[in-house]
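Chain by chain, the residues:
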Amino acid sequence: MTDGRSVRTVDHDDLVLLRRLGQGGQGTVYEVADRADGHAVAYKEYRPETLPGLDTDALTAMVALLAELGPAEARWLLDRAAWPTTLVRQRGRTCGFLMGAAPERFHFDLHALGGATAPTRRLATLEFLLNDDDYVARVGLTVSDRDRLRLLADLATTLSRLHRLGIAVGDLSPKNLLFATGADGGRAACFLIDCDAVRLRGATVLPQVETPDWQLPHGEERGTAAGDAHKLALLAVRLFARDQSAVDPAALTALSPALGELARAGLDPDPARRPAPALWAEHLTAAAATASTTPAAAAPSIPYAPSAPSAPVRTVGAPAASWGQGAPVPTRTPYAAGIGVAAVLAAVVLAIVFAVVHNRSDSPMADSGPSYTPTYTPTYTPTRTYTPTYTPTYTPSTPAFDPASLDDAGTDRTPLTHTALLADAFTDAKGVRYEKASGGLHSCVTADMSKNVQTVLSNGGCVNQIVGTYRDTDAKILVIVQVKPMADARTAEAALNTLSTAYSTDWDFWCPNKGPGSELCDAGVDVSRATQTGRKTTDHRYLIHAQALYINLGTDDSLEPWTDAATRAALRAAGPDNYWG
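Residues numbered from 1 in each chain as written. Predicted model: local features only at pLDDT ≥ 70, side-chain atom pairs only at ≥ 80, totals over all residues. Heavy atoms only, no water.

How should helix α2 (residues 71–80) be read in this particular structure?
Among all positions of α2, only Ala74, Trp76, Leu77 and Arg80 are buried. The buried side chains of α2 occupy one side of the element, clustering within an arc of 155° when seen end-on. Residues Pro71 and Ala72 are exposed on α2 and point more than 90 degrees away from its buried face. Where α2 is buried, its residues touch α1 (56–69), α4 (145–164) and β11 (189–192). (Buried < 20%, exposed > 50% of the residue type's maximum accessible area, 1.4 Å probe, protein only. Helix = DSSP H or I, 4+ residues; strand = E, 2+ residues; numbered from the N terminus. Arc of directions from axis to C-beta. Contact = heavy atoms within 4.5 Å.)

Just to check I follow, could you spell out the sheet that holds strand β13 (residues 203–204) for this structure?
Pairing between the strands of a sheet comes from backbone hydrogen bonds, and it takes one of two forms, parallel or antiparallel. Taking strand neighbours across the sheet as the criterion, the three strands line up as β9-β12-β13 in an open arrangement whose pairing is antiparallel. Of all the strands in the sheet, just β9 (167–168) and β13 have a single pairing partner and so form its edges. (Pairing = 2+ DSSP bridges.)

Looking at this structure, I do not really get the pattern of salt bridges. What am I missing?
Close approach of charged atoms lets side chains of opposite charge pair. As enumerated under the stated definition, the model contains 30 salt bridges in all. With a closest N to O distance of 2.7 Å, Arg274 and Glu220 form a salt bridge. Here the residue Arg274 occupies a position in the loop between α7 (257–266) and α8 (277–288), and Glu220 occupies one in the loop between β13 and α5 (225–241), the gap between them amounting to 54 residues. Judged by its relative accessible area of 8%, Arg274 falls in the buried class. Judged by relative accessible area, which is 18%, Glu220 ranks as buried. In this structure, Arg433 engages Glu435 in a salt bridge whose closest nitrogen and oxygen atoms are separated by 3.3 Å. (Salt bridge = Lys/Arg side-chain N within 4 Å of Asp/Glu carboxyl O.)

Any chance you could explain α5 here in plain terms?
The α-helix winds at 3.6 residues per turn, so residues separated by three or four positions along the chain end up facing the same way. Taking 1.5 Å per residue as the helical rise, α5 with its 17 residues ought to reach 24 Å, and the 24 Å between its terminal C-alpha atoms agrees with that figure. The buried fraction of α5 is high, at 14 of 17 residues. Just past α5, the residue Arg242 takes up positive phi, approximately 55°. (Expected span 1.5 Å × (residues − 1).)

Following this line, the structure appears as structure tokens:
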């Protein structure tokens, strides 16, 4: 049916919902038992707490745009974006919308890094390409520099046309962009998802948000064409740096000096100086004509060396399908020959990995990589980056550290870094050791949180947070720790009380960039049904949340004591006491 504005509507009770495709802070996406013009249809249902802040007029205008554009222009838009096509109403109130599901060509078979499980079909989000060539090849992607340039050219062309239609993407990030290289015979192309987050002619369905590490310069208006130009430049830099958070266009410049100059201009704090996407498209297309067509290749595999039964070796990759008693260790079948040589090679590699891990820069959410620790060490004491010492030569002219100073943002001198607020490792009550896989600074409030959590954190003065992920030495359990500085200790305590009944799924979910657990943040992975534990506490002015679950998304209730022990220990290992001693 339609209303007076030529807007298609459907009653919620008339929908036949199939499997759940994804879930975020604003709502849940389902597959619908219906097809429009031969294309699969999906339904986004907003959370009840999201609905009061929903601008239904803005959502209605998005659906009405399709009729305003005419058939050819509307088809172009639907081919390049999961654009809202139909309002869904329940008891007379808008509760969500229908959209075209992502076409099959924007999926790929994701291979587990350890090769222990069969490939799984996943959305091809651009974030997969913001990693080194070895990782890209191992997860099952075949991508060359020419492919990367053509993808960027297609995106730039799409942005240019969207801007002419009065559409600014706003939250332009690799999580909201799908890609197809054209290996299927079609064109290299990008596909936009989460389109209800765009800004159409100045209006937005919900308040504009930004993906962590993809924010505009401080104070700049969100949801503008100039903002999209800035994020296009960021994406170009990071796509060729093979890095999630790079801002140096050196790798892009090495490929094309002209593109390097565009990137520098695109990252200019002055929005007026940034080149438009149409100029990007022109230079990207020219560079693609002569770029390499050689796809990324995986590095040679290191032979597996078996360990003695008393010293289990951590295997990097997907965990075993079942765990049994005492959190047993996943195993592989050793090679029949070459064991001695393999053991020597493994020892050399471990030494190299250890050296690399301890010399990596402290970039936001930089993945610290696997640490290959061969044994549990129940007596391990978490490493601390700074331990102040008070010597007999102390004089009153140097004020002593006052723990009460940590209770207020005005007096707290704790650096807002993951090295200051998160231990490098911790051991829980079951003797299981966890090591930091990633850590970095991010926005405190994200779109993946429930509305209630967003409101409490915003009202409490939380702007940025420290997020860290940990894995146990057998790579079975993932622990996510979020340290959120509030205005003062009283505010943190009030926030804790208000959120006492919040579920762990009400908070945003984080993964390491690489290695076991990274696949849980792929689009379409539903972690909500897995057995998991979430705990919260305060430490002075810091609200701390820890969440733990099995990487294989196990649902057995017998797993809960292990995740519970992990979160209890994680809370003790986080906060300013980690810095001040």
